[in-house]
Structures are given as structure tokens and as C-alpha cells.
Amino acid sequence: MSAVPDSARAVLKAAEAPDSRKAVAGFLAQVTRDAAFQLEACVHCGQCADACHFYLVTRDPRYTPIHKLRPMVKAYQRERAPFSALKKRLGLAPPEVTAEELTEWSELLYDSCNLCGRCTLVCPMGIDIAGMVRRAREGMVAGGFAPADLYQAAQRALDTGSPIGVGWPALRRQIELQEQETGLKVPVDVEGADYLVVLSSMEIIGFAEIIGALARIFHHAGVSWTLPSSGFEATNIGVQMGSRDVAAALLERIVAAAERLKVKYVISPECGHAYSALRWEGPNLLGRPYPFKVVQIVELLDQLAKEGRLRTRGKDTRRLTFHDPCQIVRRGGLPQAPRRLMNQVSGGFVEMPDRGVANFCCGGGGGVSAIHRAEKLRFSAFECKKRQVEATGAEALVTTCANCRNVLEEAIEQDGMSLPVLGLTELVAQYLEPDPVQVLPATNA
Ligand code: SF4
Ligand code: SF4
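Predicted model, so just to flag it, every value in this text is computed and none were measured.

Our focus in this paragraph is the overall build of the protein. Summing up its helical and strand segments, the protein has 21 helices and 7 strands in all. Computed over its C-alpha atoms, the radius of gyration of the protein comes to 23 Å, within 12% of the 22 Å expected for a compact globule of 445 residues. Across its three principal axes, the protein shows a C-alpha extent of roughly 105 × 50 × 35 Å. Scored against the burial criterion, the 445 residues of the protein give a buried share of 58%.

Following this line, the structure appears as C-alpha cells:
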């Protein structure tokens, strides 16, 4: 495990002595010119409220997306906005942001926001509310006001490589099991392979069949790939909690593995936030371009299908619907690739209302599924997803994010529903055309 930079360690120390002044400094550090425009632009139309599942299921005005930014807006208006010094002298500036207020807002900025971006989509003023919540979390973390569960997960990620403590021995065991299952060798630490696969802890522990599915697909398509024995964890708790320092420290490990093995591509796995962290935030967080390209697994499977290298036979005959992971579809720009794959292997694919970029979050993204105190609210928010799924009459739900899958399975069980949740990569692997049988030349024995 690579050394943990002091800056990342310092982030965790903040939780020991919460300080509103540090949080305000953290807010203000995020107020770039573009962010200032966004903090000034709200016309209070209320459209973002009707886009947010937390507001829709509770009708609690505190869950209006733009309201969640209130402490950051106050800090900006008091300290940085035009004429703020004069307003302060005249007693016209908002009061100081207090520790009590930030403690209260911790629930609004974390438990009730998945960073899903559905509110961003509808704002007529173009305010990226989800992006601003992400920025506000930087201040909350710096001040020590993020949920304790997230600081602890970050500590584990920095110390062990995984937010839930999944190390190489656990992954090695899952690899061995998948090798026995598929009869295929899973390549590990192969220098010069084209593609490096990284995995989320949730996949390793909850859905390890993905490893066998990848082995079968890549064997079928002739893809040169490898897993690394270190730097394999894709989950980035730093991005979820809102700490650039923690996020960068975790990303460095993947980059080090990719550089060590001299790969051309890193495959972001079935994990939404891993994709955001690795593809969109990574080079900015590290301050340098990658020496490799990042590709999302669904994007690669779609490309292989287009090249005629992903040949399937037969289709699932059940009525299936697809849940769009927010960070891969709405925020990640990949709405069509999963649908092409669904149509390739499903004979009964039916879309849910508000599909694609308008889909509702599973309720657990943005670190929410790791926050214990948020569980009740998360289960309530599932109501929006439940209505969508029930409108389709689907017999199974397919998705391409292990965290969504786990969150949906938990909510479905909690709700007493009976609905399997499937991973898209595994579904594709299930319908691969069998390898042609090798016919050996006859011998004149
Ligand atoms: S990003 Fe999603 S969860 Fe967060 S406030 Fe917006 S709609 Fe609600
Ligand atoms: S949709 Fe945009 S303009 Fe309207 S209330 Fe929300 S943030 Fe403000």
C-alpha cells in the first residue's frame, strides 16, 4: 500500500474537532468565478424540488435541492459577494455560519443528496446544483461536519485500500473461485496488457461473478487484459465525501498500477462514482494527464459488439427493465450503450417512465448508502424507483453499477417486493455464443 499523503490524513483529523471557520474557508475556496455565478443565479422557481426524489417522497421543503446549499450561499454572501464588506458594516450581510447550523445541514448535504444531478437537469438557470453540493461537501469535510461513517470509510480506504476493508487476499480468493467456475485463467499483474480492470469492493464482495463474466467476455473477444494485485480498488470515497485530497490519494494508486503494468486503457467497472472519479475528476485532481485512457465497461462492451467481437446467441425471454446509474448515464454521457446491449440479449426489454438521463437515482449514490443514519430516508426515497419499475410490469431489473444493485436489492427486500436485480455485464456473458468446437485432424493411427 502506497504511503498516505499528509494532506489526506489531515482531512480525517478535522472530524476530531469540528470548526465552522474551517468549513467556511472550505466553502470559499470552492467559490470560483463560475461557482459564484451559480450561487447568484437562482430565481427560486422551485423546479429543482420536483426533480429530487427526497423532496418528492417527503414534500419536506428542506429537501429542495438549492436549499441544501444555504450555508455555502450564506458564507459567500457574507464574505465574498460584491459589496459584502460594505453590507457587513451596515449590518445587511447574512449572519456568520455556525457550528450548530452545519451540524444540522450535514443531513441535508449528505443523507439527502446522491449527487445524482437530476435537479441540475431541470434548472432553467443552468445551475449545476449537484456539482455545487459536491463543492459544498469540501467545506463540510474540511470543517469536520461530514458524517462520521464517511470519515471512517475514508480512513479504511487510505489504510487498507478499500472503504470496507477488502484486501488482496479477499480478491485473490474470489479470482480463484471464478477460475474454477469458468475454467479460465484470470490474468493478474500482466505487464503490457492492453486493458487494466479495476473493481469496486461491492463487486468483489457482493457480485464476484462479474470477474468470471469479464474473463468469459474477454476470452471470447480476444481482449488482452489484467487485474492488478495492488491498486485494484475503484471506489473513491474521497469524491463521495467531498475531499479532493482523499480522492487524489486513492486515484494515485490506480494510476500507479496502470503505470507499473504499462497498460493502454483502464476499465472503469460497474460502479457509478468510480467512473466520475476516474474519468472526469481524476486528471484535474492529480494535476496531470493520464498516460492511459479510461473506458467504462459498458462502453467497451458496446464497442466490441460494434466490431463484431461480442457475438451472442439467444435472448432472455423475461420482461426486463433497465435502471440507469446516474453517474454513468446522466452525468457520464452513456445512455445508449447499455440499451444496445440490453436489446442484444433481452427479448423482453421494456423501458421505465423517465428513463435514460431523466431516470431517478437508486437512492444510495453519493456516499448515502454508507451513511447509517440515512437508511430510513434512503428506503423512503425508493418509492420513486418502485413506481417506475411497477409501471413496466418487469420481472427483473438490470443495471450496470454494483452499488445501485446492492441498494436496490436492499430496498426491494425492505419493501417486501420480489424482483431480481441483475448486472448487465453478467447478463451479456450469459448469452455469449459458445466457442467453436476444435475439430482435430484425423490421424492414421
Ligand atoms: S443531486 Fe439528486 S439527490 Fe441531490 S439534490 Fe439534486 S436531485 Fe436531489
Ligand atoms: S431550479 Fe434552479 S432557479 Fe429554480 S429554484 Fe432550483 S436552483 Fe433555483
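Read on, since the account is not over.
The grouping of Phe83, Leu86, Leu90 and Leu92 at the surface amounts to a nonpolar patch, some 470 Å² of accessible area in total. With respect to the helices and strands, the residue leucine 86 is situated in helix α6 (residues 84-89).

One can describe the packing of helix α15 (residues 244-261) onto helix α16 (residues 272-286) by two numbers: an axis separation of 9 Å at closest approach and a directional angle of 105 degrees. For the element pair α15 / α16, the angle class is roughly perpendicular. Each of Arg244, Ala247, Ala248, Leu251, Glu252, Ile254 and Val255 in α15 lies in contact with α16, whose residues at this interface are Ala277, Leu278, Gly282, Asn284, Leu285 and Leu286.

The strand order across the open sheet built from 3 strands is β5-β6-β7, with neighbouring strands paired in parallel fashion. This sheet does not close on itself; its edge strands, each paired only once, are β5 (320-322) and β7 (421-423). For this sheet, the mean angle separating the axes of adjacent strands, direction not counted, is 35 degrees. Of the strand pairs in this sheet, β5 and strand β6 (residues 396-399) are connected by 3 bridges, and their pairing is parallel. Note on β6: the bridge partner recorded for threonine 321 is leucine 397. Strand contacts of helix α18 (residues 336-345): β5 and β6, with the helix running at about 170 degrees to β5, the strand carrying the most contacts. Across the sheet, helix α20 (residues 402-415) lies against β6 and β7, angled at about 170 degrees from β7, the strand it touches most.

The strands making up a sheet associate through backbone hydrogen bonding, with each pair oriented either parallel or antiparallel. In space, the 4 strands of this open sheet follow the order β2-β1-β3-β4, with parallel pairing throughout. Pairing within the sheet leaves two strands with one partner each, and these edge strands are β2 (225-226) and β4 (293-296). Here helix α17 (residues 297-306) sits on the sheet in contact with β1 (195-197), β3 (265-268) and β4, set at roughly 80 degrees to β4.

What counts as what
- The residue count restarts for each chain, going from 1 along the sequence in the order it is written.
- Both sets of labels track the order of writing: A upward for chains, 1 upward for ligands.
- Whole-chain, interface and lining totals are the exception, using all residues; otherwise, since this is a predicted model, local features are given only for residues with pLDDT of at least 70 and side-chain atom pairs are given and counted only at 80 or more.
- The side-chain quantities take in all heavy atoms of the structure and omit both hydrogens and water.
- Helix and strand definitions follow DSSP, with helices as H or I runs of at least four residues and strands as E runs of at least two, each counted in order from the N terminus.
- Radius of gyration means the value over C-alpha atoms here, while the globule rule gives 2.2 Å times the residue count to the 0.38 power.
- Think of it in three bands: residues with accessible area under 20% of the maximum for their type are buried, residues over 50% are exposed, and the middle band is partly exposed, with areas taken using a 1.4 Å probe on protein chains only.
- Residues enter patches when they are more than 30% accessible in relative terms and free of salt bridges; like-charged ones are connected within 9 Å and nonpolar ones (Val, Leu, Ile, Met, Phe, Trp, Tyr) within 5 Å.
- Here the Shrake-Rupley method, with its probe set to 1.4 Å, supplies the accessible areas, and only the displayed protein chains count as covering residues.
- A carboxyl oxygen of Asp or Glu within 4 Å of a side-chain nitrogen of Lys or Arg is what we treat as a salt bridge.
- An axis is simply a line fitted to the C-alpha atoms; with a helix, the fit covers only the stretch in contact. Between two such axes, the angle follows the N-to-C directions and lies from 0 to 180 degrees.
- For classification purposes, an angle smaller than 35 degrees is called roughly parallel, one larger than 145 roughly antiparallel, one from 65 to 115 roughly perpendicular, and anything else oblique.
- For this analysis, residues touch if any pair of their heavy atoms sits within 4.5 Å.
- At least two bridges found by DSSP between two strands are what make those strands a pair.

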